[in-house]
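# Residue-level structure breakdown
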Amino acid sequence: MTRVLFWLALAVLVYFAIRSKLKQSQRRQQPPPQPPQPSSSVRQVAPPEAMLCCAQCGVYFPASENVPANGRDYCSPAHAPLK
Ligand SMILES: [Zn+2]
């Protein structure tokens, strides 16, 4: 009985070995997967926005958060000079 089990296990091992070899050769024949399109990856990230430098603290911040005062750009109303 153990002999039958041994040969059965061997057959299963050979079967899986051949299957993995076939998969490897198929992968070699196929062209390498194309990298994702840059536009699709950019879509997931927020669109690039112009950055401005605060005249008070020097930190860079998005242009949408700009607080212009006296012709200069500030990161927040607290850094903009009082009028
Ligand atoms: Zn600032």
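In short, a report on the structure. In every chain, residue numbers begin from 1 and rise along the written sequence. This being a predicted model, a pLDDT of at least 70 is required before a residue's local features are given, and a value of 80 or more before pairs of side-chain atoms are given or counted; all residues contribute to the totals for chains, interfaces and linings. In computing side-chain properties, one takes all heavy atoms of the structure into account and sets aside hydrogens as well as water.

## Observations regarding the overall build of the protein chain
We count a stretch as a helix when DSSP gives it H or I for four or more residues in a row; a strand needs E for two or more, and each element gets its number in order from the N terminus. On a plain count of helices and strands, the protein chain comes out with two helices and four strands. Evaluated residue by residue, the protein chain yields a buried proportion of 8% over its 83 residues. Residue contacts are counted whenever heavy atoms from the two residues lie within 4.5 Å of one another. Taking as baseline every contact in the protein chain between residues at least 6 positions apart, the subset at least 24 positions apart corresponds to 2%. Accessible surface area values rest on a Shrake-Rupley calculation with a 1.4 Å probe, where residue burial reflects the displayed protein chains alone. Split by element, the accessible area of the protein chain, about 7,500 Å² in all, is 63% carbon and sulfur. A 1.4 Å probe rolled over the protein chains alone gives each residue an accessible area, and that area as a share of the maximum for its type sets the label: buried under 20%, exposed over 50%, partly exposed in between.

## Regarding the coordination of the zinc ion
Bound to the zinc ion on the protein side are C54 (SG), C57 (SG), C75 (SG) and H79 (ND1), at distances that span 1.9 to 2.3 Å. Taken together, the four donor atoms coordinating the zinc ion span angles of 99 to 123° at the metal, a pattern that classifies the geometry as tetrahedral. Along the chain, the residues donating to the zinc ion fall in the pattern C-x2-C-x17-C-x3-H. Linking C54 in the loop between β1 (51-53) and β2 (60-62) with C75 in the segment after β4 (72-74), this pair joins segments that are 21 residues apart in sequence. The pair formed by C54 and C75 is uniform in burial state, with each residue classed as buried. Donor criterion used throughout: N, O or S atom within 2.8 Å of the metal, extended to 3.2 Å for Na, K and Ca. Water excluded; incomplete-looking sites may result. For a four-donor site, all angles between 85 and 135 degrees give tetrahedral; for four or six donors, opposite pairs above 155 degrees with the remaining angles between 65 and 115 give square planar or octahedral; all remaining cases count as irregular.

## What to know about the nonpolar core
Looking at soluble globular proteins, one finds that nonpolar side chains tend to be buried together. To define a nonpolar core, start from buried Ala, Val, Leu, Ile, Met, Phe, Trp, Tyr and Cys residues and group those joined through side-chain atoms within 4.5 Å. In this structure, C54, F61, V67, A69, Y74, C75 and A80 together form the largest nonpolar core, which totals seven residues. The residues touching C54, leaving out its near neighbours within four places in the chain, are V59, F61, D73, Y74, C75 and H79.

## Side note on a nonpolar patch on the surface
On the surface, F6, W7, L10, V14, I18 and L22 cluster together into a nonpolar patch covering about 600 Å² of accessible area. Looking at the element boundaries, V14 is found in helix α1 (residues 2-29). In this scheme, patches are assembled from residues that exceed 30% relative accessible area and form no salt bridge. Like charges are connected within 9 Å, while nonpolar side chains (Val, Leu, Ile, Met, Phe, Trp, Tyr) are connected within 5 Å. Salt bridges, as used here, are contacts in which a Lys or Arg side-chain nitrogen is within 4 Å of a carboxyl oxygen on Asp or Glu.

## Notes on the environment of P48
The topology assignment puts P48 in the loop between α2 (38-44) and β1. Note: C-alpha distance between P48 and P62 (14 residues apart in sequence) is 9.5 Å.

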